[in-house]
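# Architecture at a glance
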Amino acid sequence: MTTLLEPIPVFDYTEQFAAIREEILDTMRNALDSGSLILGPRVRQFERNFADYLGGGEGVGVGNGTDALAIALRALGVEAGDEVITVANTALPTVSAIRMTGALPAFCEVDPVTLLMDLHDVERRITPRTRAIVPVHLFGNAVDMPALMALARRHQLAVVEDCAQSCGTTISGRHAGGFGDVGCYSFYPTKNLGAYGDGGLCFTRNSELAARMRLIRQYGRGDAPDAQCDGVNSRLDELQAAVLDVKLRHLPRYLAQRQALAREYDRHLAPHVARPGTTANVQASHHLFVIRSQRRDTLVERLKREGIGFGIHYPLPIHRMPAYQSLGYGEGSLPITERAATEVVSLPCYPELSPEAARQICRIVNEVERA
C-alpha cells in the first residue's frame, strides 16, 4: 500500500504567490498610493487587457462571478416570469444569478460522456417563456458553442456563457466566453485566473450591451448622476484589478502547467479509471481534474487517510436541493445528472502541484479502483 510523506492540498495559492510576491506587492502599493480604489484606471486597464486576451471586445469588471451572470442576464432583458435553460450539474451561483433576475431556471440533462449541457435536451425544453440559455463550461472543458449558438439563433434566444471554470479554454482556437452574447468570469482565488479576494467580469463584443452592463453594475447610473435603469452595486475594486492584471501576464504559463499536470495524470492513471470526456475541438484549461468512481466512498476515505485533498463537483444536483424543490424536478427527473453526482471526484489540480505528487495520487487512485 502506498503511503504519502506529506499532505497534498486540493488547492494552494501560497507557492504561486511566493513566485510573484514582489510584483503583487508593488502593484498593490501603487494602487493604494494612487488615491483611487473603486472603478479607477486599474480596473479599466484590466478590463482592456483581459478583453484583448480573449480576442478583442469589451470587459466590464464586477464584484464577483455570480453578479457577472446576473448583470448579463438583466442587460439582455431577462426578467421575472422568464425561463432560463441551464444545467443542475453546476455550482449554486449559476442558478442564484438566474433567480436574482426574477427568472426561473429550467434544467436540462447533461451529456453522459462530457457531463456538460446536452444540446438535444436543451431544444426539447424550450417553451414560449424561454428567454435565454446559460451553458456552463465545467471542469475547464467547454460546451459545443458553435452548435449551441446555431440552436439559439433558430429560437431567437440570448446566450450567457458561465466561464467560471474555463478561463483559458479554447474551442477551435477561439476562447470560450467569446461565442455567446456575454461570457461571464469569476476571479475567485481558486480559479485559473484568481484574485486575492473576489471579482468577476462580463465580456462582450457588443458595445451597446457593454454600456448597459456598466450602467447596471453601478446603481443603473454608471458615471452619470441620475439612474437610467434599475441597477445594483457590483464593482471590481482597484486592488483586485491590479492583482489580476499582474497574474494575467503569467496566465499562459499557469495554463501550460495545468495542461502538463493533466497529461501526467492521464499517463499514470490506470485504464480502468473513468474520466469525463472532452468536447471535440476543445483545448481544455483543466481548472479541475475529475475522475468518475463507482467506489467513491472508499476512494474518498483513502484520500482522507493519506492527506490528499479532493473535491466533489457536485455532490447534490441543484434540482434536488431543498431550495429548488418548488420547481418540480423529482428524483429521477435528470438521471444522467443524478448518476454523475454519485461518481465524480476532483483530484488536486493547480499549476504548482509537482509531477511527483500527481504520480503518488495516481498510485493511490489506481489501488482503490483496482481492488
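Here the structure is a predicted model, which means the values were calculated and not measured.

### Describing helix H1 (residues 14-34)
Think of an α-helix as turning once every 3.6 residues; residues three or four places apart then point the same way. The principal kink in H1, of about 75°, is found at isoleucine 20. Along H1, the residues classified as buried are Gln16, Phe17, Ile20, Ile24, Thr27 and Ala31. For H1, the secondary structure elements touched by its buried residues are helix H2 (41-53) and helix H8 (238-268). Following H1 by one or two positions, glycine 35 adopts a phi angle in the positive range, close to 85°.

### Concerning the pattern of salt bridges
Throughout the structure, instances matching the rule amount to 18 salt bridges. When the shortest N-O distance is used, the salt bridge between arginine 292 and glutamate 343 registers 2.9 Å. Here the residue arginine 292 occupies a position in strand S11 (residues 289-292), and glutamate 343 occupies one in the loop between helix H10 (335-341) and strand S12 (344-347), the gap between them amounting to 51 residues. Residue arginine 292 shares its accessibility class with glutamate 343, and that shared class is buried. One connected set of salt bridges, linked through shared partners, spans Asp121, Arg124 and Arg125.

### Here we look at the packing of aromatic side chains
One pass over the structure, following the stated rule, counts 10 aromatic pairs. Consider the rings of phenylalanine 50 and phenylalanine 187, whose centres lie 5.6 Å apart with planes at 90°: the pair is edge-to-face. With phenylalanine 50 in helix H2 and phenylalanine 187 in the loop between strand S8 (182-186) and strand S9 (200-204), this residue pair connects regions lying 137 residues apart in the sequence. In this structure, phenylalanine 50 and phenylalanine 187 share a single accessibility class: buried. Members of the aromatic cluster, joined through ring pairs, are Phe46, Phe50, Tyr53, Tyr185 and Phe187. Just above the ring of phenylalanine 179 sits the side chain of arginine 174; from NZ or CZ to the centre is 4.2 Å. When the ring centre of phenylalanine 289 is taken as reference, the NZ or CZ atom of arginine 275 above it lies at 3.8 Å.

Procedures and definitions
- Residues numbered from 1 in each chain as written.
- Predicted model: local features only at pLDDT ≥ 70, side-chain atom pairs only at ≥ 80, totals over all residues.
- Heavy atoms only, no water.
- Bend = angle between axes of the 7 residues up to and from the residue.
- Helix = DSSP H or I, 4+ residues; strand = E, 2+ residues; numbered from the N terminus.
- Buried < 20%, exposed > 50% of the residue type's maximum accessible area, 1.4 Å probe, protein only.
- Contact = heavy atoms within 4.5 Å.
- Salt bridge = Lys/Arg side-chain N within 4 Å of Asp/Glu carboxyl O.
- Phe/Tyr/Trp six-rings, centres within 6.5 Å; stacked < 30°, edge-to-face > 60°.
- Lys NZ or Arg CZ within 6 Å of the ring centre and 35° of its normal.

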